[in-house]
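# Coordinates in review
Each chain, letter by letter, is given below.
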Amino acid sequence: MVASRNTVHDFARRTLANLNSIERLACEDGDKYFEVTQLINSAIGLLIFPKEADYNSVPETKLCDLPTKVNLPKILHGKLPEENLRQLVRYLRNGFAHYNVEFVNDNNIIKGVYIRNVSGGGADWVAYTSIDDLKALLKFIAQKLIDATERAPNQETLADLEKSLGKELRIISREGIS
């Protein structure tokens with residue numbers, strides 16, 4: 001990956017490209033490419049990375065205002081604190097980040113996933129989504145992140161930090177490990 005100063009934007013853009021590529025390749029040779037594995041890796045990246053880098057880059061779009069092509073996870077228990085995309089991403093992020101997920105297997109094919117948000121004494125939110133719906137939702141989230149961060153300010157680089165601290169922090173120089 002080429003170094004970037006707008007990491008969330010570029011990460012979301014590349015993740016979306018990877019999802020589309022693996023989806024296409026899996027159609028050609030499903031035994032060689034693992035579409036669901038890529039989808040779960042993408043979920044982990046798209047849901048965790050922006051939260052840690054810039055949670056505000058996730059739009060607060062009301063869930064009822066999302067396009068009808070985006071099938072939201074079916075909430076089986078609890079509710080989101082606010083019915084918007086940012087809160088949904090937060091709860092999905094919590095589920096994936098803390099491995100509060102359970103995959104639904106049908107003849108060795110993963111068909112869906114239960115996702116839980118756990119707080120205090122146990123699960124306060126449980127939802128289910130099919131793999132196809134998760135894929136559509138993640139593509140939507142990736143595009144929203146791309147759009148929201150297109151003109152985002154550049155993130156501080158290690159070089160910026162070194163300059164502000166007045167010392168070199170790198171253990172790897174251009175010639176290799178110091």
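That block above? That's the structure.
Our next topic: empty space enclosed by the protein. Counted by the stated rule, this structure contains 1 cavity of 30 Å³ or more. Put simply, the largest cavity is a space of about 40 Å³. Looking at the largest cavity, the residues that line it are Leu 19, Glu 23, Glu 35, Leu 39 and Lys 135. Listed by contribution, the elements that provide at least two residues to the lining of the largest cavity are α1 (7–28) and α2 (35–54).

Before going further, it helps to spend a moment on the layout of surface pockets. Here the largest pocket defines a volume of roughly 380 Å³. In terms of lining residues, the largest pocket is bounded by 16 residues, among which Glu 35, Val 36, Thr 37, Ile 109 and Ile 110 are the most central. Of all the secondary-structure elements, those providing two or more residues to the lining of the largest pocket are α2, β3 (109–119) and α4 (131–149). Top element by residues in the lining of the largest pocket is α2. It accounts for 4 residues. Here the residues of the lining of the largest pocket are counted per class, giving 9 nonpolar, 3 polar and 4 charged.

Our next topic: the sheet that holds strand β4 (residues 122–130). The strand order β1-β4-β3-β2 describes an open sheet built from 4 strands, whose pairing is antiparallel. The open sheet has two edge strands with one neighbour each: β1 (74–77) and β2 (101–106). With direction set aside, neighbouring strand axes in the sheet form an average angle of 25°. Here β1 runs beside β4; their pairing, made up of 3 bridges, is antiparallel. By the bridge assignment for β4, Ile 75 is matched with Ala 127. Packing of α4 onto the sheet brings it into contact with β3 and β4, and relative to β4 it is tilted by some 95°.

Scoring rules and cut-offs
The residue numbers shown here count from 1 along each chain, following its written sequence. Whole-chain, interface and lining totals are the exception, using all residues; otherwise, since this is a predicted model, local features are given only for residues with pLDDT of at least 70 and side-chain atom pairs are given and counted only at 80 or more. Values shown for side chains rest on all heavy atoms present in the structure; no hydrogens or waters enter the calculation. The distinction between a cavity and a pocket rests on a 1 Å grid over the protein atoms alone: a 1.4 Å probe fits inside a cavity but cannot get out, while a pocket stays open yet meets protein on both sides within 12 Å along at least five of seven lines, and a residue with an atom within 4 Å of a point counts as lining. Grid points are joined across faces, edges and corners, and a volume is the space filled by probe spheres set on the points. Going along the chain from the N terminus, every DSSP run of H or I of four or more residues is numbered as a helix, and every run of E of two or more is numbered as a strand. Residues are grouped as follows: Ala, Val, Leu, Ile, Met, Phe, Trp, Tyr, Cys and Pro are nonpolar; Asp, Glu, Lys and Arg are charged; every other residue, Gly included, is polar. For two strands to be treated as a pair, DSSP must find at least two bridges joining them. All axes here are fitted lines through C-alpha atoms, helices being fitted over the stretch that makes contact, and every angle between N-to-C directions spans 0 to 180 degrees. Should any heavy atoms of two residues lie within 4.5 Å, those residues are counted as being in contact.

So far we have only geometry, and geometry alone does not tell us how the molecule works.
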